[in-house]
Amino acid sequence: MSTRRLRPLPLAMSVLLAACATTPTPKPSGPSVQAPKPQPVRDIARPLASPAKPNASDAGVWDQLRSSFQMADCDADPGIAMWARRYTQNPDRFESQLAAAAPRLAYVQQIAARHNVAGEFALLPWVESQYRPVPGNKNAPAGMWQIMPATASALGIRVDKNFDGRLDVPAATDAIMALLSRYHDDLGDWRLVDYAFNAGEFGVKRMVGQHGTPPDNPVIPKMPVKAVTREHLVKLLAISCVIREPERFNVSLPSLPSEQRLVAVSIDNSMPIAHAADHAGMSSDELKDLNAAFRNGMVDSHASPYLLMPSNHVQQFRSSLLSANDDSNANVPGTAVLPPLGATLAGANSTDSDASSASKKRSSVRQTHTVKSGESLWSISRQYSIDVKQLQQWNHLQGAGVKPGQVLKLSAPG
């Protein structure tokens, strides 16, 4: 690990360096590649301070990420180390950028693990956008995953004038990880998964049909793809290299206290985002940055039945909503941390599981759900605490798209 002192993360994202914006598309994968690991050599001369001791939460994020890596290491290709040095050529700036991205990165890592996707792909938003909620114009990619409108439609992600699901971190991340998992099922090579994400699944599948699955070496497959697609894989392996060996590049990985981890908190009623921020004890800009999918200043519970916020604001948000409810004599159900991500966070209290259990009891009475305008398979699964894959299986769905008026089964037949 690095010997620089660990620094706590800011809650809001800082301005980050521009990264390549690419267009995700469906399918690809291949056998993982693991090159031998020579003795690391320090690439940048930089005086080091006495080592700081990360707490268990800090070490857990990076250790879990490293343990899930399935592709080549720093020395497998000269381009990997070259891009790793580029990323870290200004160590202080790199550390600041990574600190700003770390809450989202840790959240993405949990979803990647749930889909059994190689850990390197939890770092894919670094290559795409450095985890920024990039707004999308007409026919342009958007969100930290840089999803094109056509891809969003194919994934069942809602995009309209009031809501852009490509900027919905939980839903978009779950959809992308499901997509990457399917690519790997089809292609069996994580390198080709990245090629497919960048260049399109059908083109990559066609090349594999013509030229076969590439060998383990060279690590960067020599297939007839554009230079930008080849470089995309190099960049992904390069940022993974820095996480793998931060001391080699004279940088420290930031601390991530449990209170700064992100939690998706379910909501039952729509409200102005400014009101939600007041309830949470956050600035409107901070909450908007984490929930950039809401385009018109309103939190629409029909478009997305949750808000993303740091875990140390969840209890205040809940308590303030309940207090406001009591004052107005309105019958607004309480909120609950969405499983499974919120339930794994340190500091979660028993009211989370109680509320979640109550939600499951209420939903178990219902056997079907009629899809409303603006709903997605993700939002419906969250509403009833059902896994998306279960909904797809029970309703014989091939993808994530659903249509208004469609009737979905909420339990297994019989």
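These figures come from a predicted structure and were not determined experimentally.

Criteria and thresholds
- Residues numbered from 1 in each chain as written.
- Predicted model: local features only at pLDDT ≥ 70, side-chain atom pairs only at ≥ 80, totals over all residues.
- Heavy atoms only, no water.
- Helix = DSSP H or I, 4+ residues; strand = E, 2+ residues; numbered from the N terminus.
- Contact = heavy atoms within 4.5 Å.
- Areas by Shrake-Rupley, 256 points an atom, 1.4 Å probe, with all protein chains shown as cover.
- Disulfide = S-S within 2.5 Å.
- Buried < 20%, exposed > 50% of the residue type's maximum accessible area, 1.4 Å probe, protein only.
- Axes fitted to C-alpha atoms, helices over the stretch in contact; angles between N-to-C directions.
- Parallel < 35°, antiparallel > 145°, perpendicular 65-115°, else oblique.
- Left-handed = near helix turned anticlockwise from the far one by under 90°.
- Nonpolar A, V, L, I, M, F, W, Y, C, P; charged D, E, K, R; others polar.
- Phe/Tyr/Trp six-rings, centres within 6.5 Å; stacked < 30°, edge-to-face > 60°.
- Lys NZ or Arg CZ within 6 Å of the ring centre and 35° of its normal.
- Arc of directions from axis to C-beta.

A few points about the overall build of the chain
Helix and strand counts for the chain come out as 15 helices and 6 strands. Partitioning the contacts of the chain with sequence separation of at least 6, the portion at a separation of at least 24 is 76%. When the accessible surface of the chain is split by element, carbon and sulfur atoms take 52% of a total near 17800 Å².

Some thoughts on the state of the cysteines
The final tally for this structure, using the stated rule, is 1 disulfide. The disulfide bridge from Cys74 ends at Cys241, spanning 2.1 Å between sulfur atoms. Sign of the S-S torsion, about 110 degrees for the bond between Cys74 and Cys241, identifies this disulfide as right-handed. Linking Cys74 in the loop between helix 1 (56–67) and helix 2 (78–87) with Cys241 in helix 9 (residues 227–244), this pair joins segments that are 167 residues apart in sequence. Relative accessible area serves as the criterion here: at 1%, Cys241 is assigned to the buried category.

Concerning the packing of helix 7 (residues 190–199) against helix 9
Where helix 7 meets helix 9, the closest approach of the two axes is 9 Å, and the angle between their N-to-C directions is 125 degrees. Between helix 7 and helix 9, the crossing angle belongs to the class labelled oblique. Considering the relative orientation of helix 7 and helix 9, their crossing is right-handed. The residues of helix 9 that touch helix 7, namely those facing Arg191, Asp194, Tyr195, Phe197, Asn198 and Ala199, are Val228, Thr229, Arg230, His232, Leu233 and Leu236. Broken down by class, the residue content of the contact of helix 7 with helix 9 amounts to 6 nonpolar, 3 polar and 3 charged.

Structural notes on the environment of Phe294
Within the fold, Phe294 resides in the loop between helix 11 (284–290) and strand 3 (298–299). Taking relative accessible area as the criterion, Phe294 reaches 10% and is therefore assigned buried. Between the C-alpha atoms of Phe294 and Asp168, which are 126 residues apart in sequence, the distance is 8.4 Å. Discounting residues that sit within four places of it in the chain, Phe294 has contacts with Asn162, Phe163, Val299, Asp300, Ser304, Tyr306 and Leu307.

Remarks on the environment of Glu95
Structurally, Glu95 is set in helix 3 (residues 91–114). Between the C-alpha atoms of Glu95 and Leu253, which are 158 residues apart in sequence, the distance is 6.8 Å.

Things to note about the packing of aromatic side chains
For the structure shown, the criterion picks out 5 aromatic pairs. Where Trp83 meets Tyr87, the ring centres are 5.7 Å apart and the plane angle is 50 degrees; that geometry is what we call tilted. Placement of the pair is Trp83 and Tyr87 together in helix 2, with a separation of 4 residues, close to one helical turn. By the burial criterion, Trp83 is buried, and Tyr87 matches it. Ring centres 5.5 Å apart and planes at 65 degrees place the aromatic pair Phe94 and Trp126 in the edge-to-face group. Taken as a pair, Phe94 in helix 3 and Trp126 in helix 4 (residues 124–128) lie far apart in primary sequence, 32 residues in all. Accessibility classification places Phe94 together with Trp126 in one group, the buried group. Members of the aromatic cluster, joined through ring pairs, are Trp83, Tyr87, Phe94 and Trp126. If you follow Arg86 out to its NZ or CZ, it ends over the ring of Trp83, 4.5 Å from the centre.

A few points about helix 10 (residues 273–280)
Of the residues making up helix 10, those classed as buried are Ile273, Ala276, Ala277, His279 and Ala280. Along the long axis of helix 10, the arc covered by the buried residues comes to 160 degrees, so they all point the same way. In the stretch just after helix 10, Gly281 is the one whose phi turns positive, near 75 degrees.

Some remarks on unusual backbone geometry
Negative phi values dominate among residues other than glycine, just as trans dominates among peptide bonds. The amide bond that connects Asn217 to the next residue, Pro218, takes the cis arrangement and shows omega of 5 degrees. Topologically, Pro218 is positioned in the loop between helix 8 (201–211) and helix 9. Positive phi, normally seen in glycine, also occurs at Tyr131, with a value near 70 degrees. With respect to the helices, strands and loops of the structure, Tyr131 is situated in the loop between helix 4 and helix 5 (149–154). Unusually for a residue other than glycine, Asn250 sits at a positive phi of about 60 degrees. Turning to its location among the elements, Asn250 is positioned in the loop between helix 9 and strand 1 (262–266).

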